[in-house]
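As a plain string of letters, each chain reads:
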Amino acid sequence: MVKELIKTKNLKLWFTDNYVLHDLDFTVYEKKITALIGPSGCGKSTLLRSFNRMNDLIPECKIEGEILLEGQNIYDSKADVTDVRTKIGMVFQRPNPFPKTIYNNVAYGLQIRGEKRKSVLDDVVEKSLRDAWIWDEVKDRLHTSALSLSGGQQQRMCIARALANQPKVLLLDEPTSALDPKSTAKIEELCIDLKDKVTILIVTHNIAQAGRISDYTTFMYLGDIIEFGETKRVFTVPKDKRTEDYLTGVFG
Amino acid sequence: MKLTKVILALVAILAIAMFVGCNNQNQEQTGSTLEGKITMSGSTTVLPIAQACAEEFMNQNPKVNISVRGGGSSIGIKDIMAGTVEIGNASRDAKGKEINKAKESGIDLYQNVVANDGIAIIVNPKNTITNLTLEQIQAIYTGKYTNWNELGGPDMNIVLISRDTSSGTYEVFYEIAMKKQNIVQNCIMVASNNAAVTSVKDTPGAISYAGLGYLSSSVKPVQVNGVDPTMANVLSGKYAVARKLNMYTNGAPQGITKTFIDFILSDEGQKIVEKQGFIKVK
Amino acid sequence: MKVFKEILFKAVTYFAAIFSILALFGIILTLFMEGIPMFQEVSLREFLFSSAWYPTNEHQSFGALALFFGSLAVTIGALVIAVPIGLGTAVYISEIAGSRTKEIIKPMIELLAGIPSVVYGLFGMAFLAPFLIRNIGIDSGLNIFTASIVLGIMIIPIISSMSEDALSTVPRALREASYGLGATRWETITRVVIPSAKTGIIGSFVLGFGRAIGETMVVIMVAGGAAQIPSSVFDPVRPLTTSIAVEMAETVLGSIHFHSLFALAIMLFIITFITNLFTELFLFKKVK
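As the structure is a prediction and not an experimental result, all values here were calculated from the model.

Rules used throughout
Every chain is numbered on its own, with residues counted from 1 as its sequence reads. The order in which chains are written sets their letters, starting at A; the order in which ligands are written sets their numbers, starting at 1. At least 70 in pLDDT is required for a residue's local features to be given in this predicted model, at least 80 for side-chain atom pairs to be given and counted, and no such filter applies to totals for whole chains, interfaces and linings, which use all residues. Calculation of side-chain values draws on the structure's entire complement of heavy atoms; hydrogens and water are dropped beforehand. Where helices and strands are cited, they refer to DSSP runs of H or I of at least four residues and of E of at least two residues respectively, numbered from the N terminus. When we talk radius of gyration, it's over C-alpha atoms, and the globule rule is simply 2.2 Å times the number of residues to the 0.38. Note on classification: 1.4 Å probe, protein chains only; a residue is buried when its accessible area is under 20% of the maximum for its type, exposed when over 50%, partly exposed between these limits. The contact rule is simple, with two residues in contact once any of their heavy atoms fall within 4.5 Å. All accessibility values rest on the Shrake-Rupley procedure with a 1.4 Å probe; residue burial counts only the protein chains present in the view. Counting rule applied: Lys, Arg positive; Asp, Glu negative; His and chain ends not counted. Think of each charge as sitting on NZ of Lys, CZ of Arg, CG of Asp or CD of Glu. If DSSP finds at least two bridges between two strands, the strands pair. Note on handedness: a clockwise path from strand one over the helix to strand two, with the strands aimed away from the viewer, defines a right-handed crossover. By convention here, the domain bounds are inherited from an automatic or database domain assignment. By convention, the term buried area covers the 1.4 Å-probe accessible surface removed from two parts as they join, with the contributions of both added. Each salt bridge in this description consists of a side-chain nitrogen of Lys or Arg and a carboxyl oxygen of Asp or Glu lying within 4 Å of one another. Each polar contact in these results corresponds to two N or O atoms within 3.5 Å; when the atoms are within protein, one needs to be able to donate a hydrogen and the other to accept it, and residues that are neighboring in sequence are counted only if both atoms are side-chain atoms. Basically, the charged four are Asp, Glu, Lys and Arg, the nonpolar ten are Ala, Val, Leu, Ile, Met, Phe, Trp, Tyr, Cys and Pro, and anything else, Gly included, counts as polar. Under the convention used throughout, the expected extent of a helix is 1.5 Å for every residue step, that is, one less than its residue count. The directions considered for the arc are those from the helix axis to the C-beta atoms.

Draft legend 1. Focus on the overall build of chain A. Tallying secondary structure elements over chain A gives 10 helices and 10 strands in all. Taken over C-alpha atoms, the radius of gyration comes to 18 Å for chain A, in line with the 18 Å a tight globule of 252 residues would show. Considered along the principal axes of its C-alpha atoms, chain A spans approximately 55 × 45 × 40 Å. For chain A, the proportion of its 252 residues judged to be buried stands at 54%. Long-range pairs, those at least 24 residues apart, make up 68% of the contacts in chain A with a sequence separation of at least 6. Counting only carbon and sulfur atoms, one obtains 48% of the accessible surface of chain A, whose full area is about 11300 Å². Between the centroid of the 36 positive side chains of chain A and the centroid of its 35 negative side chains there is a distance of 3 Å.

See the structure below:
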């Protein structure tokens, strides 16, 4: 039985006068991987960034409508944005480790919430790095700079960093676009592995990737959600002509 | 293009101005037929007077050549005795020893007082002190007194302000008021007479000193040994923190040297003396 | 012809590049040639460890220790004031201010940098010193405290504009990573943005230090000029630059006093040299 974790209601978004997200109603199911696909500029990244209120950082951005996380509107005036971002973690297109040690990168989320007990931090750092499949590679050099890791390792460390907050949802914004195929494959497998622990919403340009790892697929085009459904169904019998054209490479 | 024109115009104006200026000078200079050479050396305190007067004198008498060197008062007197200069500058009177030594070598050290140098001790107008003895001033500046109430004044810390050690005014104060005792190290040093006056004006507990020409109503000069620091008292020799600035010659000055010293003592020359921050002879 | 032009071009740029190196060596050579002769008459021990600076008195002494402490005191004081304010300004401009506010504040701070130091000195002497006497009950306004404030204000633009440059080059991705982990703006700035811009920020402090320790006019006007080792921030001091500038005007060419002023300049040069060296080493190590 799948459970609805996030629901958007009449979500509209503008950048100044540019109408980017057109009245979207959208559902994310718990402990599933949902892929957001669509051509460049369709609004999929913007939609993704709406879920952890990352668009708040852009002064020109205006949002209407609701995003409900377990029934609570994260855009409610009483909602705590740092709390939202703790519950809904994010991994970005390019690995963005802080210029700190691996340990301090992963412990960052806990540290800013005032966790000082070394045993707690140690445990969480280890568990998160294990969950992100990178523990064995870094366990002997936790206190060296994260910048010394390879790109793929950095990205898995960024996943570990997000996991350390024990989020309900992980937003992945084209997480493998800057990586080589081997690192990409590893992250894809990792996503499938993580599905038991956390709900994943992934934006990808790579249609095959969406096909390989996601349970649900959403096809967006010019600010609208054209099609949403189980990945298998969307990929085999798309209801909309535009979805079919995109999947078969007519445009994109 | 426009800029070029402006520059050309400026150059033209400058050229005309210089030409006119030169003409004026030539007219002035043609009047004098005086010829000769004067050399002098000695006190760096007298140096600015000597230099300024020499420049003006040479301006009026283009065929006269005056060269001025420093070296200190002792050098000035020594050079006169050695006969290497016509004028020896000294910011003090010749000592008995020097006069005797000169006599032995057949030289008559002749004192020409060309200016007076006097400095006033100043305090903030709020300070009730009106008179200090020289000994008290020395005690203050060597750090023996630190509060005005030790001298019968208000209960206020004394803030010592001095001119910087390189100034001529410091030299007078150090030599005449302090009798060459070192000023205590926490004394504030300022770079000009004006800075001294301004600092005293702004600082209730301050004491400083400045040339007589720099006094203003914003600071209060105190009596030294009961004598007011006035021009008259300096001239009469009653005021203690003052000295004569001398140009020594071998015997009474003669010839072109006499003309030059007379020029310094004339109204015109004495105006230059005042301009340099010193006190007139008469 | 073409070859000749190539060679000429090379030669011209080469000499342009080598000019500043020549100037540097020329200055160092002059300093040492004019400074060293002092040590024929004054021992290095007296110069470095005595605080009695009486260059023109009957019994001359050339102890530079008090002058060294004077320079150090006003410079550290200036940094204590300028570092938090300069860095705060940089953070405000780079991280917090809206673009319109930025447009107003930035040129204003640049204007502050353009004010000649003698004007700062006048401000300190004519306004700040009497103001402090009236309002905090000190005996004199010419002291370390006043000099530090004036010097501090003077180096704020250096610190703030250079730090701001450093802050603004911190990638947006790092800020997003921090916000994305639930950090507030304050946490993001203090824990991610500033540490990431550390090299440039420390560089700005060093530049400010160099500017403050080398500043002459301001300290002549407001530091008090007393050659003593200070025991309080309200003591007057005489920085190295004050002695060099004020005393050079009246000293006799070639005298010990003359040479001693060059020795002070050597001291100043060595202080800034060591500071730069340490910064290089420190930053280099951290970057590596």
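Having put the structure on the table, let's press on.
Draft legend 2. Structural view of the pairing of strand E6 (residues 159–163) of chain B. Residue and element names in this part refer to chain B. Most of E6 sits inside the fold, with five of its five residues counted as buried. Where burial is concerned, the two faces of E6 agree: the one with Val-159, Ile-161 and Arg-163 and the one with Leu-160 and Ser-162 are both buried. Judged from the two bridges that link them, E6 and strand E8 (residues 206–211) form a sheet pairing that is parallel. Pairing of Leu-160 across the sheet is with Ile-207, part of E8. The handedness of the E6 to strand E7 (residues 188–190) crossover, carried by helix H6 (residues 168–177), is right-handed.

Draft legend 3. Focus on the domain arrangement of chain C. All names here are of chain C. One can read the domain layout of chain C as domain 1 (2–40) and domain 2 (45–287). Averaged C-alpha coordinates put domain 1 and domain 2 at centres separated by 29 Å. In this complex, domain 1 contributes nine residues to the contact, which on the side of domain 2 involves 10 residues. When residues of domain 1 are sorted by the area they lose upon contact with domain 2, Leu-31, Glu-34 and Met-38 head the list and together hold 60% of the total. Applying the counting rule to domain 1 against domain 2 returns zero salt bridges. Here domain 1 is connected to domain 2 by one residue pair in polar contact (both at pLDDT 80 or more). Partitioned by chemical class, the residues of the side of domain 1 that touches domain 2 number six nonpolar, two polar and one charged.

Draft legend 4. Main features of helix H4 (residues 118–131) of chain A. Residues and elements named next belong to chain A. With 14 residues, H4 extends 20 Å from end C-alpha to end C-alpha; this agrees with the ideal 20 Å at 1.5 Å per step. Residues Leu-121, Val-124, Val-125, Ser-128, Leu-129 and Asp-131 constitute the buried set of H4. Along the axis of H4, the buried residues cluster in a sector spanning 160°; they form a single face. Each element contacted by the buried residues of H4 is listed here: helix H3 (102–112), helix H5 (135–138), helix H6 (151–163) and helix H7 (181–194). Directly after H4, the chain includes Trp-133, whose backbone phi takes a positive value near 60°.

Draft legend 5. Region of the structure containing the interface of chain B and chain C. Across the boundary between the two partners, chain B contributes 23 residues, which contact 25 residues of chain C. Taking both partners together, chain B and chain C bury about 2000 Å²; carbon and sulfur atoms supply 52% of that area. Interface area lost by chain B to chain C is led by Ser-166, Gln-185 and Ile-188 of chain B, which between them contribute 28%. When the shortest N-O distance is used, the salt bridge between Arg-238 of chain C and Asp-164 of chain B registers 2.5 Å. At the boundary of chain B with chain C, the tally comes to nine residue pairs in polar contact (both at pLDDT 80 or more). Breaking the side of chain B that touches chain C down by element, the ones donating at least two residues are H6, E7 and helix H7 (193–202) of chain B.

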